[in-house]
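Residue-level structure breakdown
Each chain, written out:
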Amino acid sequence: MNKILREKLSEALTSVLPITLIVLLLSVTITPMPIGTIALFLVGAVLLIVGMAFFQLGTNVSMTPMGEGIGAELLRTKNLLFVSLITLLIGILITIAEPDLQVLAEQVPSIPNMTLIWTVAIGVGLFFVVAVLRTVFRIHLSVLLIIFYIVVFTLSIYVPNEFVSVAFDSGGVTTGPITVPFIMALGVGLASIRGDRNAQDDSFGMVALCSIGPILAVLLLGIFYQDGSASYSRVTVPEIEDTRALAGMFLHGLPEYIREVVTALVPIILFCVVFQLVSRRFHRLQLEKIGVGFVYTFIGLALFLTGVNVGFMPAGHYLGQQLALSGHSWILVPLGLVIGFFLVIAEPAVHVLNRQVEAITNGGISQRAMMLSLSIGVACSVGLAMLRVLTGLTIYWLLVPGYLVALILTFFVPRIFTGIAFDSGGVASGPMTTTFLLPFAMGACEAIGGNVLTDAFGVVAMVAMTPLLTIQVLGLIYQFRQRAAEPAKTLPDEEDDAIIVLEEDEGNV
């Protein structure tokens, strides 16, 4: 276990180091930062590295086997009503537990936190049921995606503009570090029981459908909520005078995020306990290993959330604000491209997805190819998000064509890439996006006097959209290479005949 933990620490260091170096470089060149703010950021980076390592190790040995076990047992019951009710319950529990959703709810204070959280949770729960039934009845993912996104964009016409960006952002934040490992593992478990030719393809797509539910739910909230408007909560950059104040910030934040993680994990653990008592699926040694995994997950997530919320959020807001006021606000666009490229590498759930993809495809789709495609996609999305901040361009001009192209591509790429691509969109928009990129965009938007709700909110939605395109383009490249390789293969008899003819010709010469 110590060897694996060292490997995870090395992976986490490699993931967090690039964005840390970018912020440090900016702080000594274009945007000098107060010593207190940069100190918060650096301590936050250390907590990110340690937290991500523990979290990845924990999910490998707890969430993944438990999710696969529950998925496999659900289909064995052959009672669709029971399966639907259990799935709905799981979807609601893991969404309420998602820390990213708590962060978003805090930043939209005009809607009571629990109103927004329960709205989103019910949306995820209902669409989790849809995702499971799709796997059971073997419905093409692209068909459901086209239907539901037509409904989403039609409904958004009747919603106040302030709610549209929040709605699309909520679809991204719900698929974070708690949700993704559990849902993806459950999908693998469901597909393993089917065992047919398309089961592998259908193991992906659950996260994609679960991302649509909260968008629809928040759009409906925007129509029927009595206030009918939304506002946002400003990010404050704390003034740190000395090391005692610095330590105090983290010591004050840590218990708060420990409580959040406990609140997040306890319902899931209780559900898993009930599942084990009923199914008796795991033996004693497996249960001990899963228990240790949950402890690692708890430690990792508590440290990670403390680091990003206390250390990264103020730094992101300050950087965005100062860059916009620097007189060279245009630099936000190319800088957004660079930040987006490296920031997605630090998302913990991205590594879970990439490992799952490589394992299920037996290395056919490598983690490296997935990460490069995701990084290119997120880089483009952050660059476009910064363009929105500077120009006030409505999010419709980017989301509608983006999703339209993504849905058209589903007819041309292998089925498995469609599921992976739409899952990737939800996975890429995790806590790093919510606590660094969103404050970064908000700080820039406030500085230039823009409308934060319509121009800055929506960055999470942009990050969730572009991987749909880049991963499917990866699928086209993969398909093209396979087809190009097929004609080059000749049957053994044909190869032997060709060699004999060649030898005879050489002899005659």
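None of these values were measured; they are calculated from a predicted model.

Some points on helix H16 (residues 367–391)
With 25 residues, H16 extends 36 Å between its outermost C-alpha atoms, agreeing within 8% with the 36 Å of an ideal straight helix rising 1.5 Å per residue. One or two residues past the end of H16 sits Gly 392, with phi positive at roughly 75°.

Let's talk about the packing of aromatic side chains
Across all of its chains, the model carries 13 aromatic pairs by this definition. On the numbers, 4.5 Å between centres and 35° between planes, the contact of Phe 41 with Phe 312 is tilted. With Phe 41 in helix H2 (residues 35–61) and Phe 312 in helix H13 (residues 284–325), this pair connects stretches of sequence that are 271 residues apart. Summarising the burial analysis for this pair, Phe 41 and Phe 312 share the class buried. In textbook terms, an aromatic cluster arises when at least three aromatic residues are bridged by ring pairs, as seen for Tyr 149, Phe 153, Phe 168, Tyr 403 and Phe 422.

What to know about the packing of helix H1 (residues 2–27) against helix H14 (residues 332–343)
For the pair H1 and H14, interaxial distance at closest approach is 8 Å and the crossing angle is 155°. Taken together, the axis directions place H1 and H14 in an arrangement best described as roughly antiparallel. Contacts from Ser 15, Pro 18, Ile 19, Ile 22 and Leu 26 of H1 reach H14 at Leu 335, Val 338, Ile 339, Phe 342 and Leu 343. Taken together, the residues of the contact of H1 with H14 sort by class into nine nonpolar, one polar and no charged.

Some remarks on the nonpolar core
Counting 168 residues, the largest nonpolar core has Ile 70, Phe 182 and Phe 436 as the members making the most contacts within it. The element contributing the most residues to this core is H13, with 17 residues. With near-sequence residues (within four places) excluded, Ile 70 lies in contact with Ile 90, Phe 182, Leu 186, Phe 271, Cys 272 and Phe 275.

The rules behind these values
- Residues numbered from 1 in each chain as written.
- Predicted model: local features only at pLDDT ≥ 70, side-chain atom pairs only at ≥ 80, totals over all residues.
- Heavy atoms only, no water.
- Helix = DSSP H or I, 4+ residues; strand = E, 2+ residues; numbered from the N terminus.
- Expected span 1.5 Å × (residues − 1).
- Phe/Tyr/Trp six-rings, centres within 6.5 Å; stacked < 30°, edge-to-face > 60°.
- Buried < 20%, exposed > 50% of the residue type's maximum accessible area, 1.4 Å probe, protein only.
- Axes fitted to C-alpha atoms, helices over the stretch in contact; angles between N-to-C directions.
- Parallel < 35°, antiparallel > 145°, perpendicular 65-115°, else oblique.
- Contact = heavy atoms within 4.5 Å.
- Nonpolar A, V, L, I, M, F, W, Y, C, P; charged D, E, K, R; others polar.
- Core = buried A, V, L, I, M, F, W, Y, C linked by side-chain atoms within 4.5 Å.

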